[in-house]
Amino acid sequence: MDIYPLHSSSHCHRILEERGNETGESRQTNNQDLENWLPISASRKAKWWYSAFHNVTAMVGAGILGLPYAISQLSWIPGVAVITFSWMITFYSLWQLIQMHELVPGKRFDRYFDLGQHVLGPKKGFWLVMPQQLTVQVSSTIVYCVTGGKSLKKFFDTMVPSISDIRQTYYILFFVCLQLLLSQTPNFNKLKGVSLLAALMSVCYSMVAFVASTVKGIHHHPSHYGVRSKTVPGKVFDAFNALGTIAFAFAGHSVVLEIQATLPSTEEKPSKVPMWRGSMFAYVIVIICYLLVSVSGFWAFGNTLEDDVLISLEHPSWLIGVANLMVFIHVLGSYQVFVMPVFDTIESNLVQKWNFTPSKMLRVIDRSVYVCVVGLVAMCIPFFGGLLGFFGGLAFTSTSYIIPCVLWLAAKKPKPWSFHWVASWICILFGLVILIVAPIGGVRTIIVSAKTYKIFS
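Keep in mind it's a predicted model, so treat the numbers as computed, not measured.

**What to know about the packing of helix α6 (residues 76-100) against helix α13 (residues 272-301)**
One way to put it is that α6 packs onto α13 with a least axis distance of 11 Å and a crossing angle of 170°. The angle between α6 and α13 places the two elements in the roughly antiparallel class. Grouping the amino acids of the contact of α6 with α13 by side-chain chemistry returns 19 nonpolar, five polar and one charged.

Here it is, written out as structure tokens:
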């Protein structure tokens, strides 16, 4: 028998108290009806391979295009080392989250903040997790708007040079219009087709970037590889920004419990088994793509790289044009994977706090308003490199490097100096370094970019 628990957050407890005049059976029915309507918990029929391509879509996204640029800010050995170490750390913390999805037998923590509230208490757990998770998801949608617009512009500039004077703002606006349509997908599980296509596109454009960079490097590559900046302050700030860019590339943790919530679970076959199988498959693809793209990109261009490696690549023009179209298609899907938990939070609050009736019209309005606001922000500040570093350090580090380990230490209480105790503290300390320094580098990059930028250009 499938174990589908009621909503475990404190919001549900409050709404049940407000409806104290209802019978217990009626309250339980209303709560279950809400769960069956909310996008995260509405459907639990996913297969293990769904989790694989959801994770690939969430991970191999806009962040991979900035990894060669990050290496150009750190240089060869530190750059590759930080990417590899980050992969190892986040692979471990991902395993921790998957194991804690069913920390209590017979109960599922479908949302990241639900797990935080259970482990650390209603207030502390909520405020540790929810602000960071929302920051990751909202900032991802902003960056994906920018990436989608830049990639579509690059595609048309390459394939149809006669229209190259069209502003990037209009391409971002077109991306936002498509998101208005895709955002009406009822629930997370219904996104499987969009997410699968996005995952395929991410692997394809990664391979295009790798092959094109390799060919470019064979024919001509820099004789000297140094970091971008010539001054000591510049080198320091660039290194800070690079750490945030790399952290941004490991952003899937903010949606991993929500992805796992779409899988069926029984006492005999808990959801952590298929979820871990899919995640392992995804993480192998992730490290292959990350290293191939980052190493080949820096090898081909050195410190002259753009913050998006596909922008630097120009030949063969048709292939680079197609690769940018692939990026555009991919970020259409990635946007949806990250925005679905945001919709879940918005809609649960509208129903539980503001007493709106769950309906299709409510979905159309709240989702459309969100997509439009995020699109407007993206059109105002499309600084791809700076956004990666700033948001990567500000919140992505918390949700991927730090919070899973904090929750594991609090919930499992491993013995001091045992493997899980040491591993968790290494992840936390490494994450704290990035959390402190990366936003500083990101802000500087945005300020430098803003000097030569005109709004809605």
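Moving on from the coordinates now.
**Quick look at helix α11 (residues 232-248)**
The terminal C-alpha atoms of α11, which comprises 17 residues, lie 25 Å apart, in line with the 24 Å expected from a rise of 1.5 Å per residue. Turning to α11, its buried residues are G234, D238, N241, A242, L243, G244, T245, I246, A247 and F248.

**Looking at the environment of K190**
Looking at where K190 falls in the secondary structure, it is placed in the loop between α9 (168-182) and α10 (192-219). Remark: the alpha-carbon pair of K190 and S43, spanning 147 residues in sequence, is separated by 8.3 Å.

**Some thoughts on the packing of aromatic side chains**
Summed over all chains, the structure comprises 26 aromatic pairs. Seen from their ring centres, F343 and Y370 are 5.9 Å apart, and the 85° between their planes marks the pair as edge-to-face. In this pair, F343 is assigned in helix α15 (residues 317-352) and Y370 in helix α16 (residues 360-380), connecting sequence segments 27 residues apart. An identical accessibility class is assigned to F343 and Y370; each is buried. Among the aromatic residues, those joined into a cluster by ring pairs are W48, W49, Y50, F53 and F281. For K412, the ring lying beneath its charged end belongs to W408, and the centroid distance is 5.4 Å.

**Some remarks on the pattern of salt bridges**
Under the defined criterion, the tally for this structure stands at five salt bridges. Here E347 makes a salt bridge to R363, at a shortest N to O gap of 4.0 Å. Placement of E347 in helix α15 and of R363 in helix α16 is noted, with a sequence separation of 16 residues between them. Overall, the relative accessible area of 12% leaves R363 in the buried class. Residues participating in the shared-partner salt-bridge network are E347, R363 and R367.

**Some thoughts on unusual backbone geometry**
Backbone geometry at S75 places phi at a positive 85°, although glycine is not the residue there. Mapped onto the fold, S75 is located in the loop between α5 (67-74) and α6. Although it is not a glycine, N355 sits at a positive phi angle of roughly 60°. Note on placement: N355 falls in the loop between α15 and α16.

**Concerning the nonpolar core**
By size, the foremost hydrophobic cluster in this structure holds 116 residues, and its most contacted members are I64, F250, Y290 and Y335. Ranked by the residues each element gives to this core, the list is headed by α15, at 15 residues. Every residue in contact with Y290, bar those within four places of it in the chain, is listed here: M59, V60, I64, L67, I83, A249 and F250. Counting six residues, the second-largest nonpolar core is a separate cluster that includes W37, L38, L350 and L362.

**A look at the environment of S317**
Relative to the helices and strands, S317 is located in helix α15. Separated by 160 residues in the primary sequence, S317 and D157 have C-alpha atoms spaced 9.9 Å apart. With sequence-adjacent residues up to four places away left out, S317 is seen in contact with T158 and M159.

**Side note on the state of the cysteines**
As used here, a disulfide is simply a covalent bond connecting the sulfur atoms of two cysteines. On inspection of all chains with the given rule, the structure shows zero disulfides. A disulfide-free cysteine, C289 has its sulfur positioned 9.6 Å from the sulfur of C204, the nearest such atom. Here C405 is not disulfide-linked; the sulfur of C427 is the nearest cysteine sulfur, at 3.9 Å.

What counts, and where the lines are drawn
Residues numbered from 1 in each chain as written. Predicted model: local features only at pLDDT ≥ 70, side-chain atom pairs only at ≥ 80, totals over all residues. Heavy atoms only, no water. Axes fitted to C-alpha atoms, helices over the stretch in contact; angles between N-to-C directions. Helix = DSSP H or I, 4+ residues; strand = E, 2+ residues; numbered from the N terminus. Parallel < 35°, antiparallel > 145°, perpendicular 65-115°, else oblique. Nonpolar A, V, L, I, M, F, W, Y, C, P; charged D, E, K, R; others polar. Expected span 1.5 Å × (residues − 1). Buried < 20%, exposed > 50% of the residue type's maximum accessible area, 1.4 Å probe, protein only. Phe/Tyr/Trp six-rings, centres within 6.5 Å; stacked < 30°, edge-to-face > 60°. Lys NZ or Arg CZ within 6 Å of the ring centre and 35° of its normal. Salt bridge = Lys/Arg side-chain N within 4 Å of Asp/Glu carboxyl O. Core = buried A, V, L, I, M, F, W, Y, C linked by side-chain atoms within 4.5 Å. Contact = heavy atoms within 4.5 Å. Disulfide = S-S within 2.5 Å.

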